[in-house]
Amino acid sequence: MTSMKSYSGRVQAKATPQSRPVAGKAEVQNDAGGFGFALDKWARLHRFLVLGAEGGTFYVGEQKLVEANAKAVVECLKEDGSRTVLEILDVSVSGRAPKNEPAIFALALATVYGDAATKATAYRAIPRVCRIGTHLFHFCQAVQDLRGWSRGLRGGVGAFYADRDEADLAYQLVKYRQRDGWTHKDVIKLAHPKTKDPVKNALIRWALGKTKEGDDSDQHVKRGPIIAAFEEVQRLGVELAGGTTTATQAQRIVREICELTGKWRLPWEALPTQVLASAQTWETLAPTMPLGALLRNLGRMSSLGLTVSNLSETTKILAGRLTDREAIRKARLHPLSILQAAKVYGQGHGDKGSLTWTAAGAIKDALEGAFYLSFDSIESTGKAWLLGIDVSGSMTSNHLAGMNVTAAEGAAVMSMITARKEAVHEIYGFDHGFVDLGVTAKDTLAEAIRKTNKNNGGGTDCALPMIFALENKLKVDAFVVYTDNETWAGKVHPFQALQAYRKALNPGAKLIVVGMTATGFTIADPSDAGMLDVVGFDPATPAAMADFVRG
Ligand code: CA
């Protein structure tokens, strides 16, 4: 007897393999060959602004991913230009992205593909998105690649110089003297910043190198003390490099440089290279240097013996600064930058070069604290959470925003934020199988990463958290799936598994998909109000997740 399968059985509305689209749902094929939902263009814009396309994904190269995201940005610009610029501003100004480059690139696209009103809004946004010299140089490179210079563009770029206060302008000029082939002189010659302020004009002239002709003492005075201090430390540096100084003279010079540095808060980039090998210099810089620079120089400071004990003065200063929530937010210190710094600092040697150090316990703890402080604060919802981390091959080879943190590692530490607040939770990992990762809310970030990295590789089935909960009759209010959404290996689609779970155990169960790469797919059904798609490593994500589950 031949078995007779019903028509409905063949269409399998309730259990469709992920290798096929579900009838009646507008699904698209992901880069791994499975089928899921297309991400709404605004959600995709947000993913791109936060995560960028650097390094591509496991499945597609960087070039292709950048092109796909550029296309999505242009689609947003065509639909609503001012909303697009507002999104760019929001992500950039509130420090929601580990790198500002996607916002800079998107803003450059707005000056090309926006209508007249959008372009005007984009020009006004330039000094707010490009807050430091490096940002401005990258923006100028992007617009050079995409378009020509217009009056509006000049005004927006010129405002970087004209609209900031005098001391800050001087600081920018000595800190970011050149980056990636650009100098302030190059930008100023293109943008012709206009200001009536005589001090700013003197500073702009100085940046252009016009210090000889007509450089009377008046000009010198107008430029102010920061430029004067910079010129003096540079002169002292030349003296030091001359090689004719005695040890005592050299000590005097270093002392003088440190005095000027401390008094005028010169950035380390403004100092002569020779003094950067001196512990005294970093001791001077530690109390006031910007937090981003501090994060990048922790290893260097430790290698110079400034943090030999938790009781060392510099250790106390660094640890104190890294646990100041207000300062962390003000400096837009991003959790991913902190995590990267914690990883490098903890390993005791730099990624390149020969710098080695003994990591100070107090600083390791402070970095751990800083990581949690850099997210928007959250309150417990009191609900039951199942946190599922995709540890498949793609997740363990994707790197977040081109940094030394994989998507799986990022997912593991993201899950810790929720786990530490929610008493009722389980953390599992899945690829084509489902495992208890053994991660607990008490683990350090390094421990959580280590445990997660023990379980990796394999295919991808994003439906497993729901299937596991259904089979084991677990009472779950919120499923969280941290993934790149490249699911293909399962017998049912994740949304179907959620429907089956709701029907059997908890009709109110919700699903949150935390997207870890800037692709255009999601496993969340956009027509289901009980599913939410959020972006991994947006500092606002854990709070948004809690609100969704509470509401
Ligand atoms: Ca995968």
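Predicted model only: the values in this text are computed from it and were never measured.

(A) Expanded view of the layout of surface pockets. Put simply, the second largest pocket is a space of about 410 Å³. Lining the second largest pocket are 23 residues, and of these Trp-42, Ala-43, His-46, Asp-533 and Val-534 lie nearest its centre. Contributing elements (two or more residues each) for the lining of the second largest pocket: α2 (41-51), α4 (81-93), β11 (531-535) and α27 (541-550). Residue composition of the lining of the second largest pocket, grouped by class: 12 nonpolar, 3 polar and 8 charged. Looking at which domains feed residues into the lining of the second largest pocket, each of domain 1 (64-96 + 99-207) and domain 3 (385-550) gives three or more.

(B) Representation of the coordination of the calcium ion in the model. Listed as protein donors to the calcium ion are Ser-392 (OG), Ser-394 (OG) and Thr-460 (OG1); their distances from the metal cover 2.3 to 2.4 Å. The class for Ser-392 is buried, based on a relative accessible area of 0%. Given a relative accessible area of 2%, Ser-394 falls into the buried group.

(C) Focus on the pattern of salt bridges. Per the counting criterion, the structure on display carries 22 salt bridges. Between Asp-525 and Lys-25 there is a salt bridge, and its shortest N-O distance comes to 2.6 Å. Of this pair, Asp-525 sits in the loop between β10 (521-522) and β11 while Lys-25 sits in the loop between α1 (7-11) and β1 (27-29), and the two are 500 residues apart along the sequence. One network of salt bridges, in which partners are shared, links Glu-232, Arg-235, Glu-239, Arg-252 and Glu-256.

(D) Region of the structure containing the pairing of strand β6 (residues 425-430). Relative to β6, strand β5 (residues 385-390) runs parallel, the two sharing 6 bridges. Counterpart to Ile-389 in the pairing with β6 is Gly-429. Bridge count between β6 and strand β7 (residues 434-436): 3 bridges; the pairing is antiparallel. Each bridged residue has a counterpart across the sheet, and for Phe-430 the counterpart in β7 is Phe-434. With antiparallel pairing between neighbouring strands as the criterion, β6 and β7 make up a hairpin whose turn holds 3 residues.

(E) Seen up close, the packing of aromatic side chains. Inspection of every chain in the model, using the stated rule, returns 15 aromatic pairs. Here Phe-48 and Phe-105 contribute two aromatic rings whose centre-to-centre distance is 6.3 Å and whose plane-to-plane angle is 75°, an arrangement assigned as edge-to-face. Here Phe-105 lies in helix α5 (residues 101-113) and Phe-48 lies in helix α2, a separation of 57 residues in the sequence. Exposure remark for Phe-48: the relative accessible area of 4% places this residue in the buried category. With centroids separated by 5.0 Å and ring planes inclined at 90°, the aromatic side chains of Phe-479 and Tyr-501 adopt a geometry described as edge-to-face. Here Phe-479, found in strand β8 (residues 478-483), pairs with Tyr-501, found in helix α26 (residues 494-504); they are 22 residues apart in sequence, far enough to count as distant.

(F) Quick look at the domain arrangement of the chain. Domain boundaries assigned for the chain yield domain 1 (64-96 + 99-207), domain 2 (286-333 + 335-373) and domain 3 (385-550). Taken over C-alpha atoms, the centre of domain 1 sits 37 Å from the centre of domain 3. With 5 residues of domain 1 in contact, the opposing surface of domain 3 contributes 8 residues. Summed over both sides, the interface of domain 1 with domain 3 buries roughly 460 Å², with 48% coming from carbon and sulfur. Interface area lost by domain 1 to domain 3 is led by Leu-65, Arg-96 and Lys-99, which between them contribute 83%. Summed over the shared surface of domain 1 and domain 3, the result is 1 salt bridge. The residue Asp-538 makes a salt bridge to Arg-96 at a minimum N-O spacing of 2.9 Å. Our enumeration of links across domain 1 and domain 3 arrives at 3 residue pairs in polar contact (both at pLDDT 80 or more).

(G) Focus on the environment of Phe-48. Taking the C-alpha atoms as reference points, Phe-48 and Asn-69, 21 residues apart in sequence, are found 6.7 Å from one another. For Phe-48, the residues in contact, after removing those within four places along its chain, are Ala-53, Asn-69, Val-73, Pro-102, Phe-105 and Ala-518.

(H) Structural context of the nonpolar core. Judged by nonpolar contacts, the single largest core of 145 residues is most densely connected at Phe-139, Val-157, Phe-371 and Phe-537. Counting residues per element, this core draws most heavily on helix α23 (residues 407-421), which supplies 9 residues.

(I) Broad picture of empty space enclosed by the protein. Per the stated rule, a full pass over the model turns up 2 cavities of 30 Å³ or more. Quantified by volume, the largest cavity comes out at close to 90 Å³. Taken together, 14 residues line the largest cavity, and the ones lying closest to its centre are Gly-52, Gly-56, His-399, Ala-401 and Thr-517. In terms of residue class, the lining of the largest cavity is made up of 7 nonpolar, 6 polar and 1 charged. Estimates place the volume of the second largest cavity at around 40 Å³. If you go around the second largest cavity, the residues you meet are Ser-94, Gly-95, Ile-328, Arg-329, Arg-332, Leu-333, Ser-374 and Pro-539.

Reading the values: the criteria
Residues numbered from 1 in each chain as written. Predicted model: local features only at pLDDT ≥ 70, side-chain atom pairs only at ≥ 80, totals over all residues. Heavy atoms only, no water. 1 Å grid on protein atoms, 1.4 Å probe; cavity = no way out; pocket = protein on both sides within 12 Å on 5 of 7 lines; lining within 4 Å. Points joined across faces, edges and corners; volume = space filled by probe spheres on them. Helix = DSSP H or I, 4+ residues; strand = E, 2+ residues; numbered from the N terminus. Nonpolar A, V, L, I, M, F, W, Y, C, P; charged D, E, K, R; others polar. Domains from an automatic or database assignment. Donors = N, O, S within 2.8 Å, 3.2 Å for Na, K, Ca; no water. Buried < 20%, exposed > 50% of the residue type's maximum accessible area, 1.4 Å probe, protein only. Salt bridge = Lys/Arg side-chain N within 4 Å of Asp/Glu carboxyl O. Pairing = 2+ DSSP bridges. Phe/Tyr/Trp six-rings, centres within 6.5 Å; stacked < 30°, edge-to-face > 60°. Contact = heavy atoms within 4.5 Å. Buried area = accessible area lost by both parts, 1.4 Å probe. Polar contact = N/O pair within 3.5 Å; in protein donor to acceptor, adjacent residues only side chain to side chain. Core = buried A, V, L, I, M, F, W, Y, C linked by side-chain atoms within 4.5 Å.

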